[in-house]
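# Structural features, examined
Read off the chains here:
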Amino acid sequence: MNLQKLDKLQSLRRIDLKNEYKAHLWKQNKSYVKYIESLSNHIHEYGLRFIVLWENLDFFLAVKDKYDDIDDAKDFIENCLAELEEEDYNPSIHSLYKHTELNDIVANAIKDEKNASTLLLCRFIVYASAYDLLFEVVTKVLSGYTFEAAYYEITNKVLPGEIEGVEAAHNLFADYFTFENEEAYKFTPFRLYSTNEYILNYDISALVGIVSDITDANIMIHELIVPSREGKIFDEPELGFASPAKLYEFGDEPYIEYKSFKMEVPKEYLDKEIFVCSVFLDLDDDIIRTISDENSITAEDVAQCIKNLLKTNVYTHPKEEKWGGEHIEISWVEGI
């Protein structure tokens, strides 16, 4: 097995997964019309970002100071793009990709036409992921790679010699995220825990930031647990320091047994990777620590905030000693 090539494919799939899961969260937490609006607005946003980044490629290739920390390189790119005047760039974003009927797709999707909704989701993933792939390549350039070497490092392919214009460049980067049959597009992630855990960890980190902003809770730690499954014939992954969880997937009401709770599992999750997600609230003399040290909040405040954002069942555990201090754990189930 070519493990190096497999690793490259995972890198591309990670980008695809991230944008699919982002769209999934929008769909879960917005009205249908707002969800369609989010998809169409972000197609425009990512198309514009792609144009601005590509047309300023010479600048990023010429930056002499190299970054050891990838996050610092990403911050530098974001700051540079934020300072550029977007109105100087072509607003006809939909001409970047092969399909020019985007306005019709949006109009039909608003009418709840299933095929149009699927097409719009595919367009969003193509635009968002093409930009993310270009962004990753430029980030590697800022860490010391040539543009060609960075492209190869991520895609395992040689960069074509002649790329004329933004549309050709976008097609090149979008080709990794196109769908052979868009009408029948179905999300099929790699059956590798590492890929899905990476994406879910990314998303929970963003969720923690939102919950902390709303409630002022000082959430420092989150955790993912892969439950063992009754129907699995393979060895389970090592749990490490996590508490064991077991999925009972047979019967009319599947559930996960985790600590003192039987956590409900939607039936549609059974053909997906299933995780128990947890965030931990630090206690100081039975008082939940906050960021400002001024507000008074309860675990239920935080649990209700997560429930409102994710529209799912949330479970608040009794306080316990963990990592050398007292914590309250709040958990929920995700399937991706």
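Attention in this report is confined to the structure presented alongside it. What you are looking at is a predicted structure, and each value in this text was computed from that prediction instead of being measured.

## Remarks on the pairing of strand β6 (residues 274–284)
A large share of β6 lies buried, amounting to ten of its eleven residues. As paired elements, strand β1 (residues 219–225) and β6 share six bridges and run antiparallel to each other. Bridging from a neighbouring strand, L224 pairs with C277 of β6. As paired elements, β6 and strand β10 (residues 325–335) share nine bridges and run antiparallel to each other. Within β10, the position partnered with V279 by the bridge is I330. Where β6 lies against strand β7 (residues 287–288), two bridges are found, and the strand directions are antiparallel. The residue bridging D284 from the neighbouring strand is I287, located in β7.

## Digging into the packing of helix α2 (residues 32–55) against helix α8 (residues 165–174)
Packing of α2 against α8 leaves a shortest axis separation of 10 Å and a crossing angle of 110°. For the element pair α2 / α8, the angle class is roughly perpendicular. Crossing hand, α2 versus α8: right-handed. Counted together, F50, I51, W54 and E55 of α2 and G165, V166, A169, H170 and F173 of α8 form the full contact between these two elements.

## Some thoughts on the environment of G251
You can see G251 is positioned in the loop between β3 (245–248) and β4 (255–258). The class of G251 is exposed, set by a relative accessible area of 55%.

## Describing the packing of helix α5 (residues 102–110) against helix α6 (residues 114–142)
The interhelical angle for the contact between α5 and α6, taken along N-to-C directions, is 130°, at an axis separation of 8 Å. The orientation of α5 with respect to α6, classified from their angle, is oblique. Seen along the crossing, α5 lies across α6 with a hand that is left-handed. Here α5 contributes L102, I105, V106, N108 and A109 to the contact with α6, which in turn contributes A116, S117, L119, L120 and R123. For the contact of α5 with α6, a count of residues per class yields seven nonpolar, two polar and one charged.

## Structural notes on the pattern of salt bridges
Tallying each qualifying case throughout the model produces eight salt bridges. Among the ionic pairs, K18 bridges to D132, the shortest N-O distance being 3.1 Å. Of this pair, K18 sits in helix α1 (residues 3–29) while D132 sits in helix α6, and the two are 114 residues apart along the sequence. Here K18 matches D132 in class, with each residue buried. A salt bridge links E136 to K74; the nearest nitrogen and oxygen atoms lie 3.8 Å apart. Taken together, the residues span a long stretch of sequence, with E136 in helix α6 and K74 in helix α4 (residues 70–83) at a distance of 62 residues. What makes K74 partly exposed here is its relative accessible area of 23%.

## Concerning α4
With 14 residues, α4 should reach 20 Å at 1.5 Å per residue; the first-to-last C-alpha distance of 20 Å fits that figure. Turning to α4, its buried residues number three or more, namely A73, I77, C80 and L81. The buried residues of α4 all sit within an arc of 95° when viewed along its axis, so they share a single face. Exposed positions of α4 whose direction lies more than 90 degrees from the buried face are D71, A82 and E83. Here the buried face of α4 lies against α2, α3 (57–62) and α6. You can read the cap of α4 off the contacts: a side-chain oxygen lies 2.8 Å from the backbone nitrogen of D71, and it is on D69.

What counts, and where the lines are drawn
- Sequence order as written defines the numbering, with residues in each chain counted from 1.
- Local features in this predicted model are restricted to residues of pLDDT 70 or higher, and side-chain atom pairs are both shown and tallied only at a pLDDT of 80 or more, whereas totals for entire chains, interfaces and linings draw on every residue.
- The side-chain values count all of the structure's non-hydrogen atoms but skip hydrogen atoms and water molecules.
- The buried label goes to any residue with under 20% of its type's maximum accessible area, the exposed label to any with over 50%, and the partly exposed label to all in between, with areas taken from a 1.4 Å probe on protein chains only.
- Helix and strand definitions follow DSSP, with helices as H or I runs of at least four residues and strands as E runs of at least two, each counted in order from the N terminus.
- Following DSSP output, two strands are said to pair if at least two bridges run between them.
- Each axis is a line fitted through C-alpha atoms, taken for helices only over the stretch in contact, and angles between the N-to-C directions span 0 to 180 degrees.
- In this scheme, roughly parallel covers angles under 35 degrees and roughly antiparallel covers those over 145, while 65 to 115 is roughly perpendicular and the rest are oblique.
- Left-handed describes a crossing whose near helix is turned anticlockwise from the far helix through less than a right angle; right-handed describes the clockwise counterpart.
- Only heavy atoms matter for contacts: two residues are in contact if any of them lie within 4.5 Å across the pair.
- Residues are grouped as follows: nonpolar covers Ala, Val, Leu, Ile, Met, Phe, Trp, Tyr, Cys and Pro; charged covers Asp, Glu, Lys and Arg; every other residue, Gly included, is treated as polar.
- Within this document, salt bridges are pairs made up of a side-chain nitrogen of Lys or Arg and a carboxyl oxygen of Asp or Glu, the two lying within 4 Å of each other.
- One less than the number of residues in a helix, times 1.5 Å, gives the span that helix is expected to have.
- Summarising the geometry, the arc corresponds to the directions from the helix axis toward the C-beta atoms.
- Pairing of N or O atoms within 3.5 Å defines a polar contact, subject to two protein rules: one partner must be a possible hydrogen donor and the other a possible acceptor, and residues neighboring in sequence count only if both atoms are side-chain atoms.

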